[in-house]
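# Commentary on secondary and tertiary structure
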Amino acid sequence: MEKANFFNSVKTALMLCFALFVSTSMWADDALTTFTGFTATAGSKGVSSENPEGYTSLVDGKFTKPESGQQPDASVWTKWCTSSKSKPSNESTSCYWVDFNYSEVINVKKYILTTANDNATETGRNPKSWILKGKMGENDTWTTIASVTEDKVMQDVNYTDYEFDVTTPGDYKYFRFMVTATQGASCLQLAELRLKGTKATLLNGKGTEESPFEISTAEDWTMFTNWINNGSNATSYYKLMNDITLGSEQAPLETIVGVSTEKSFKGTFDGGKNTITVYMSRKEPYAALFGVIDGATIKDVTVKGTITSTDKYIAGFAAFSYNTNTKKASNFINCTSSVTIDGQVSGDISAGGFIGQSEKGTTNFTDCVFDGTISGKDENTEKCGGFMNYSGSS
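Calculation rules
- Position numbers for residues count from 1 along each chain, tracking the sequence in the order it is written.
- Local features are withheld for residues below a pLDDT of 70 in this predicted model, meaning they are given only at 70 or higher, and side-chain atom pairs are given and counted only at 80 or more; totals for whole chains, interfaces and linings count all residues.
- The side-chain numbers reported here are obtained from all heavy atoms of the structure, hydrogens and water having been left aside.
- Each helix is a run of DSSP H or I of at least 4 residues and each strand a run of E of at least 2, with the numbering of both proceeding from the N terminus.
- Expected helix span is computed as 1.5 Å times (number of residues minus one).
- When accessible area is computed with a 1.4 Å probe and restricted to protein chains, residues below 20% of their type maximum are described as buried, those above 50% as exposed, and intermediate ones as partly exposed.
- Residues are treated as being in contact if the distance between any of their heavy atoms lies within 4.5 Å.
- Any two strands with at least two DSSP bridges between them are considered paired.
- Here, axes are lines fitted to C-alpha atoms. For helices the fit covers the stretch in contact, and angles between N-to-C directions go from 0 to 180 degrees.
- Polar contacts, as counted here, are pairs of nitrogen or oxygen atoms within 3.5 Å of one another; within protein the pair requires one atom able to donate a hydrogen and one able to accept it, and residues that are adjacent in sequence qualify only if both atoms are side-chain atoms.
- Each salt bridge in this description consists of a side-chain nitrogen of Lys or Arg and a carboxyl oxygen of Asp or Glu lying within 4 Å of one another.

## Some remarks on helix H2 (residues 218-229)
Helix length check: H2 (twelve residues) gives 16 Å between terminal C-alpha atoms against 16 Å at 1.5 Å per residue, within 8%. Burial in H2 covers these residues: Asp220, Trp221, Met223, Phe224, Thr225, Trp227, Ile228 and Asn229. Where H2 is buried, its residues touch strand S7 (161-182), strand S10 (213-215), strand S11 (237-240), strand S12 (244-246), strand S13 (268-282) and strand S14 (290-293). The first or second residue beyond H2 is Gly231, which carries a positive phi of 80°.

## A closer look at the sheet that holds S14
With parallel pairing, the three strands of this open sheet are ordered in space as S14-S17-S20. Two strands in the sheet have a free side with no partner beyond their single neighbour: S14 and strand S20 (355-360). In this sheet, neighbouring strand axes are inclined to one another by 10° on average, regardless of whether the strands run parallel or antiparallel. The pairing of S14 with strand S17 (residues 318-322) spans three bridges and is classified as parallel. Its bridge partner being in S17, Ile293 is matched across the sheet by Ser321.

## Looking at the environment of Lys85
Along the chain, Lys85 falls in the loop between strand S3 (80-82) and strand S4 (96-114). Sequence separation between Lys85 and Cys187 is 102 residues, and the spatial gap between their C-alpha atoms is 9.3 Å. If sequence neighbours within four positions are ignored, Lys85 has contacts with Ser94, Cys95, Tyr96 and Thr180. Looking at Lys85, its side chain comes within polar contact range of the main-chain oxygen of Thr180, at 3.2 Å.

## What to know about the pattern of salt bridges
Applying the stated criterion across every chain, the model contains twelve salt bridges. Between Lys79 and Asp118 there is a salt bridge, with the nearest N and O atoms lying 3.2 Å from each other. With a gap of 39 residues between them, Lys79 in the loop between strand S2 (39-43) and S3 and Asp118 in the loop between S4 and strand S5 (127-135) connect regions that are remote in the sequence. Judged on exposure class, the residue Lys79 and its partner Asp118 are both buried. In this structure, Arg176 and Glu91 form a salt bridge, with 3.0 Å as the shortest nitrogen-oxygen distance. Taken together, the positions of Arg176 in strand S7 and Glu91 in the loop between S3 and S4 put the pair 85 residues apart, joining distant regions of the chain. Both residues of the pair, Arg176 and Glu91, count as buried.

Treat this as a map of the structure, not an account of what it does.
Dropping the structure here:
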């Protein structure tokens, strides 16, 4: 009897866990909004002009399936049907493509592709390999949101939705859809592309010198980090509104602002004479508040706390200064670095109180102070400097 009760209890618990999992999953998906009715600005022209088949039809919100026996009505249904491949601006691949944007910034999680009215008879027109890109600002760098190669999900059927996850969720306003191959036909056709997500929560401000984006909390800093690391708003103006703490001794910060020379911080960060206390621990190159800067200006801020790394390029402010893309000098004005820098590796740690290494261009310091400490694993530790380890030029 006790054995039976035990198994019944386990069964009930498993059923409750399953129900909770299903409920949570459904709620998460239900919480997403489906966005449609975008503005298409450029793309591959359509095959026919009898019914709207141009690139604007991919994102116009018109994909309603007609009633049985009715012909498609262009007022509620269109499709993009094209046989014209070309190279979009700044792309090296010839493809079928559409550039489009939305009136607001979307935090994109998924997207939907809808087959057209006659895919069942005009077979092979579905996309086989494609790329979806996005960016927040018109002049930002494109980020690949999703990429599919040799798709086997979409079928030769009419008026059917296929939902895909994005691989790089984030905040985007401008989009580019590129199809590099069809399922065998000489032309491509789709009724619609829609995006699923939520309206993005943005920082206060406009990102201009007169109205900088405002950072008031650790959550705001995370949003700032995600923007820069996705290639968005990298040249904008930001202002710290008060003291903030990033990470803790128990849960140290692992992310940096600017993950590469291509996705670096190129804007202006005004600390507002406030203090950032950071607890950071990383196991890969670039350990600092800013990973890579390029022609950036950082002013009126104090950084204190502890930054620990088991790799090189460690600093209180910027791990790496690479002023090549902007062709401008980086500037530090009225800044104080009181950080404890701990390079847990023997030999070259390329560490500095402000910058780990300045590889190209010029970096200027005005009224700046380093009063922290730099240490390595053992007596073989080398390449450390009070302000920076090394400054090269091109």
